[in-house]
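Summary of the model geometry
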Amino acid sequence: MSFVERHGMWSGEQQEAAGRLRKIVEEKNLEVIRLSFPDQHGILRGKTLVASEAIASLESGCSITTTMLAKDTSHKTVFPVFTAGGGFGMKEMEGAADVLMVADPTTFRVLPWAPTTGWLLCDLYFNDGRPVPFATRHLYRKVIDQLGQRGYDFVAGLEVEFHLFKLDEAHMAPEHAGQPGTPPSVSLLSHGYQYLTEQRYDQMEPALEIIRRDVLALDLPLRSIEVEFGPSQCEFTFQPTKGLLPADNMVLFRSAVKQIARRHGYHATFMCRPKLPNVFASGWHLHQSLVSRASGENSFMPGDKGEVLSPFGRAYLAGLLEHARASTVFTTPTINGYKRYRSYSLAPDRAIWGRDNRGVMIRVLGGPGDAATRLENRIGEPAANPYLYMASQILSGLDGVDRKLDPGPSADTPYETKAALLPKSLREAVFALQDDPFFRGALGAEFVDYYVHIKNAEIERFQAEVSDWEHREYFEMF
């Protein structure tokens, strides 16, 4: 009996998908298959197996070292893995031991930019069949399963901004390597500022078309391609999908864009605010609603003509506001992302909502009779781990429902309304998470402590560096 069978890991749908996968590999003569899992940062890691070995590992799993879960954004291992418990307090995690990647056959793709290559998204399990508690796809699945037990499906649409540059110099000399290495030198594809003009779009179209073609070939639900306000900045939007799918789509989209761009002489970055002259910050707006499994109706849609949301939707919205500060470590997990929260911009700086107002944190769209009624949370950065971003939204919203919270009135002057200010730094966000006991209960103290440890390691590295600002400010004066 296989590992998958022994632990009852696949549904009927996954069993059927595995059968189709085997046929496609044979029919298309695929030579290799990439087995990937989303790590704590929402970055894909894994192994590439020759096709026959990948097929053989489908139900037995593929081993991968636990140190993948111990790394910060510089890819440095920040837990003492060779001590008792490996820094995790778990025997299974010490000594850089292995866990198993088990493929989810429903995620199978043939990569259009990599000849004869298949791709599979995987989940991580210990050898006894238990899910690895630090794997964020498991965590998000648990949250949507809890939501399903309450009779709802989570529906999310993605609006993702990023920068696409011409790659001028990759800096591949040995001295350029490091943790992290020297970033590439780039030039613009457009000067920007002409927001949504056809002229700017046409300047970027040759590069955008390459990405558009392959994103559609991946069967991702692409809706639109737009030029944003900043130089060389663009936005891709996606049709709403349910459950695991929007998060899976986001990690695949980001990884695909970076790989496709690099193969064609471009550099794509989902970093929020690159340190380049005149460049603008990028955001990730998450459109969300809950749909009743019993009726299929949007649970946020109001029945009364004078309302913008149902009572259920208002309470969910209030929950998002209540836990906004504590959830920013999940919606904006990088030090750089906090450069975006600025007053009188198109980004929020406080926990408020408004009816179709782009200065608020949460924009309410729709109304009576509109099945597309939804909340657009404008808080996120495009580098966020989508499993943690979406899990934090569902948990916060349901807490508002359970406690019957009131979101208060719509904020018509978003940068003057009195409300809790969003954290100004990742350090402040980590403190906000630690000060709010809600997520320790909802996600588990074990996971929160693990994630905070990684974020603190990044913060401490950042604070140890002497910045250009400090050198200019103090070197001559003192």
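Here the structure is shown first, and the text comes after it.
Residues numbered from 1 in each chain as written. Predicted model: local features only at pLDDT ≥ 70, side-chain atom pairs only at ≥ 80, totals over all residues. Heavy atoms only, no water.

1. Remarks on the packing of helix H7 (residues 311–322) against helix H9 (residues 386–402)
Contact geometry for H7 and H9: axes closest at 6 Å, N-to-C directions at 120°. Judged by the angle between their axes, H7 and H9 are oblique. Considering how the two elements wind past one another, H7 and H9 form a crossing that is right-handed. Mapping the contact onto sequence places Phe312, Ala315, Tyr316, Gly319 and Leu320 in H7 and Gln393, Ile394, Ser396, Gly397, Leu398, Gly400 and Val401 in H9. Its residues assigned to classes, the contact of H7 with H9 comprises 7 nonpolar, 5 polar and no charged. (Axes fitted to C-alpha atoms, helices over the stretch in contact; angles between N-to-C directions. Helix = DSSP H or I, 4+ residues; strand = E, 2+ residues; numbered from the N terminus. Parallel < 35°, antiparallel > 145°, perpendicular 65-115°, else oblique. Left-handed = near helix turned anticlockwise from the far one by under 90°. Contact = heavy atoms within 4.5 Å. Nonpolar A, V, L, I, M, F, W, Y, C, P; charged D, E, K, R; others polar.)

2. Overview of the pairing of strand E6 (residues 117–125)
Counting buried residues in E6 gives 9 out of 9 residues, a clear majority hidden from the surface. Burial of the side chains of E6 extends over both faces: Thr117, Trp119, Leu121, Asp123 and Tyr125 are buried on one face and Gly118, Leu120, Cys122 and Leu124 on the other. Two strands pair when backbone bridges link them, and strand E1 (residues 32–38) and E6 are joined in this way by 5 bridges, in the parallel orientation. Note that in E6 the partner of Val32 across the bridge is Thr117. Inspection of the sheet shows strand E4 (residues 98–103) paired to E6 by 4 bridges, in the antiparallel sense. (Buried < 20%, exposed > 50% of the residue type's maximum accessible area, 1.4 Å probe, protein only. Pairing = 2+ DSSP bridges.)

3. With respect to the pairing of strand E9 (residues 222–227)
For a regular strand, side-chain orientation follows a simple rule: the groups alternate between the two sheet faces. Where E9 lies against strand E10 (residues 233–238), 5 bridges are found, and the strand directions are antiparallel. Paired with Val227 across the strands is Cys234, a residue of E10. The loop that links E9 with its antiparallel partner E10 comprises 5 residues; one of these, Ser232, has a positive phi angle of about 60°.

4. A look at the packing of helix H6 (residues 245–263) against H9
Between H6 and H9, the shortest axis-to-axis distance is 9 Å and the interhelical angle comes to 150°. The angle between H6 and H9 places the two elements in the roughly antiparallel class. The chirality of how H6 crosses H9 is right-handed. For the pair H6 and H9, contact is made by Pro246, Ala247, Asp248, Met250, Val251 and Arg254 and by Pro386, Tyr387 and Met390, respectively.

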